[in-house]
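# Coordinate inspection notes
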Amino acid sequence: MSILKNKFFIIIVIAILAGWVLGLYISGNNKADIPDNYTTSWSGVDAEKIGEVIQKLNNLTGE
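This structure is a prediction, so every number in the text was calculated from the model and none was measured.

Scoring rules and cut-offs
- Residues numbered from 1 in each chain as written.
- Predicted model: local features only at pLDDT ≥ 70, side-chain atom pairs only at ≥ 80, totals over all residues.
- Heavy atoms only, no water.
- Helix = DSSP H or I, 4+ residues; strand = E, 2+ residues; numbered from the N terminus.
- Buried < 20%, exposed > 50% of the residue type's maximum accessible area, 1.4 Å probe, protein only.
- Areas by Shrake-Rupley, 256 points an atom, 1.4 Å probe, with all protein chains shown as cover.
- Patch = residues over 30% accessible without salt bridge, like charges linked within 9 Å, V, L, I, M, F, W, Y side chains within 5 Å.
- Salt bridge = Lys/Arg side-chain N within 4 Å of Asp/Glu carboxyl O.
- pLDDT = per-residue confidence, 0-100.
- Expected span 1.5 Å × (residues − 1).

Along the backbone of the protein chain there are 3 helices and 0 strands. In the protein chain, the order of α-helices and β-strands from amino to carboxyl end is α-α-α. Relative to its 63 residues, the protein chain shows a buried fraction of 2%. Summed over its atoms, the accessible surface of the protein chain is roughly 6,100 Å², and 67% of this surface lies on carbon and sulfur atoms.

Following this line, the structure appears as structure tokens:
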């Protein structure tokens, strides 16, 4: 009987780990679908203006 309990425990642990890995894989794929202009919906500023400001800041820092 203890052998069946040990196998059941191992199967449960493997299923939890497989679900965790699958969840990480799926969430990683969804992150690629997020558009880069999400900041414009928060600030109301045009994405081109944000790009210009970032470019000017990079030029000032010498990058």
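On the surface, F9, I10, V13, I14, L17, W20, V21 and L24 cluster together into a nonpolar patch covering about 820 Å² of accessible area. Note that L24 resides in helix α1 (residues 2-31). Owing to a relative accessible area of 47%, L24 belongs among the partly exposed residues under this scheme.

What follows covers the confidence of the model for the protein chain. Of all residues in the protein chain, 68% have pLDDT values of 70 or greater, and the mean over the chain is 76. Ranking the elements of the protein chain by mean pLDDT puts helix α2 (residues 38-43) last with 55 and α1 first with 83.

With 15 residues, helix α3 (residues 47-61) extends 21 Å between its outermost C-alpha atoms, agreeing within 8% with the 21 Å of an ideal straight helix rising 1.5 Å per residue. Taken from the residues just after α3, G62 is the one with a positive phi, measuring 85 degrees.

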